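Next come the chains, spelled out residue by residue.
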2 protein chains.
Amino acid sequence: MTAKKRTTLGRPATIAAPRETILANAAKLFAERGFEGASLQDVAAAVGISKAAVYHYFPTKQVIYDEIVIDLLKGLRQHVVERLDKSSDFGDQLRQLMLAHAEFFESHYTEFVTLLHGFGGLTRNIDRGQVNARDEYEKLLRQLMTDAKESGALTVGDPASVTRGILSMLNWMARWYTPGGRMSARQIAEEYFELIYNGLRPR
Amino acid sequence: MTAKKRTTLGRPATIAAPRETILANAAKLFAERGFEGASLQDVAAAVGISKAAVYHYFPTKQVIYDEIVIDLLKGLRQHVVERLDKSSDFGDQLRQLMLAHAEFFESHYTEFVTLLHGFGGLTRNIDRGQVNARDEYEKLLRQLMTDAKESGALTVGDPASVTRGILSMLNWMARWYTPGGRMSARQIAEEYFELIYNGLRPR
């Protein structure tokens with residue numbers, strides 16, 4: 001791999017917002033064809049620039065993937081934080097978080113699908129920035145569940161497991177959700193919240 | 001693609017249970033390196049047979065992947081059905097299903113990881129057999145939730161959404177679970193059942 005040495009080589013692209021445009025086009029191609037099914041050449045062609053121009057911004061395809069995921073997870077966290085009303089009770093905050101997550105998923109569907117299948121096997125080293133962005137987001141919900149448990153406001157078993165369970169429901173949507181289908185992502189998240197909050201036990 | 005024509009070509013392998021051995025080795029390689037990261041040549045080398053011998057059993061790598069997934073989903077369904085006691089109440093049956101699913105996940109971890117990342121993009125046609133095996137499994141739980149709702153024994157919103165939500169929790173484990181970690185898959189499923197059944201609402 002000599003790609004890394006080429007980071008600062010290649011000619012700058014003559015398009016507007018080249019970095020963002022490359023990332024958006026790459027995400028679309030990865031979502032459609034899978035990470036391995038789309039080459040840097042395909043990305044360059046979709047943007048309408050040369051492969052050398054892509055190299056000017058990103059040394060490898062893997063770096064492009066990592067950037068898409070990091071941007072996505074940071075954006076998700078920011079979107080959710082903005083919609084959380086810390087003065088409302090814990091149940092309401094959980095509902096706000098789940099609905100905001102689903103809204104962001106719906107408006108960034110392509111990137112979430114990319115996130116799902118750029119996972120290149122157990123032996124691949126996952127980019128540190130990606131892990132951090134993921135942890136930062138997960139912490140939001142885990143803290144909420146920990147606080148809710150400590151205050152006795154909600155009946156939380158293991159806050160870490162509850163957090164995993166809730167995020168799993170939302171994350172797996174990237175695998176089966178069809179935009180424009182029977183229910184919006186927000187409606188699905190609403191059903192999930194109902195399930196998580198009230199439970200199935202007869203009442 | 002001329003690979004399909006080669007189905008009946010290639011020499012039979014001289015090992016025991018060749019079909020099963022090829023599938024098991026392929027699943028391990030796919031899990032470690034990703035679907036695209038492992039070639040048919042790698043699979044042949046891992047089994048210790050020629051690539052031609054692999055072709056004798058499977059025309060393409062995609063067919064191997066599809067067979068792994070179909071076998072896995074059929075095995076999962078069978079394992080769960082055997083552990084369901086239809087005479088117990090709906091809550092207990094849900095618990096039985098979730099724990100049995102987790103047990104099977106734990107003992108077939110490699111194949112579940114393969115299932116997770118052989119997804120080759122939105123534009124790939126998913127094998128019909130795979131879709132059917134998936135639907136058959138999902139039906140088990142959806143029927144349970146539908147019956148529980150109709151009888152009034154459990155407080156189920158939309159049975160399809162509840163089913164999706166529960167399976168999402170279990171499915172996403174393939175993405176983050178580490179065998180031999182803090183909790184077994186069964187313990188995690190127990191926590192998830194607790195959450196789904198009782199809910200977070202103060203009681």
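Residues numbered from 1 in each chain as written. Chains lettered and ligands numbered in written order. Predicted model: local features only at pLDDT ≥ 70, side-chain atom pairs only at ≥ 80, totals over all residues. Heavy atoms only, no water.

S.K.: Could you give an account of the overall build of chain A, with specific residues and numbers?
M.R.: Within chain A, the regular secondary structure consists of 10 helices and zero strands. Ordered by position from the N terminus, the helices and strands of chain A form the series α-α-α-α-α-α-α-α-α-α. Counting only residues that meet the buried cut, chain A has 50% of its 203 residues in that class. Excluding contacts between residues fewer than 6 apart, the proportion of contacts in chain A whose partners are at least 24 apart in sequence is 70%. When the accessible surface of chain A is totalled, it reaches about 9,200 Å², and 50% of it is carbon and sulfur. (Helix = DSSP H or I, 4+ residues; strand = E, 2+ residues; numbered from the N terminus. Buried < 20%, exposed > 50% of the residue type's maximum accessible area, 1.4 Å probe, protein only. Contact = heavy atoms within 4.5 Å. Areas by Shrake-Rupley, 256 points an atom, 1.4 Å probe, with all protein chains shown as cover.)

S.K.: Any chance you could break down the environment of Glu67 of chain B for me, citing the residues and the numbers?
M.R.: All names here are of chain B. As for its placement among the helices and strands, Glu67 is situated in helix H4 (residues 61–83). Taking the C-alpha atoms as reference points, Glu67 and Glu194, separated by 127 residues in sequence, lie 34 Å from one another. The contact partners of Glu67, leaving out residues within four places of it in the chain, are Arg19, Leu23 and Phe58.

S.K.: An account of the interface of chain B and chain A is requested, with residue identities and associated values reported.
M.R.: Interfaces are often described in size by the accessible area the parts lose on coming together. Across the contact, 51 residues belong to chain B and 51 residues belong to chain A. Roughly 4,700 Å² of surface becomes buried between chain B and chain A when both sides are summed, with 59% attributable to carbon and sulfur atoms. Considering only the surface of chain B that becomes buried against chain A, Trp172, Arg175 and Leu200 of chain B emerge as the three largest contributors, covering 17% of it. At the junction of chain B and chain A, the tally comes to two salt bridges. Across the pair Arg182 of chain A and Asp158 of chain B runs a salt bridge whose closest N-O atoms are separated by 3.1 Å. In this assembly, chain B and chain A are joined by 20 residue pairs in polar contact (both at pLDDT 80 or more). Listed by contribution, the elements that provide at least two residues to the side of chain B that touches chain A are helix H1 (18–33), helix H6 (109–117), helix H7 (128–151), helix H8 (159–176) and helix H9 (185–198) of chain B. In terms of residues, the side of chain B that touches chain A owes the most to one element, H8 of chain B, which gives 12 residues. (Buried area = accessible area lost by both parts, 1.4 Å probe. Salt bridge = Lys/Arg side-chain N within 4 Å of Asp/Glu carboxyl O. Polar contact = N/O pair within 3.5 Å; in protein donor to acceptor, adjacent residues only side chain to side chain.)

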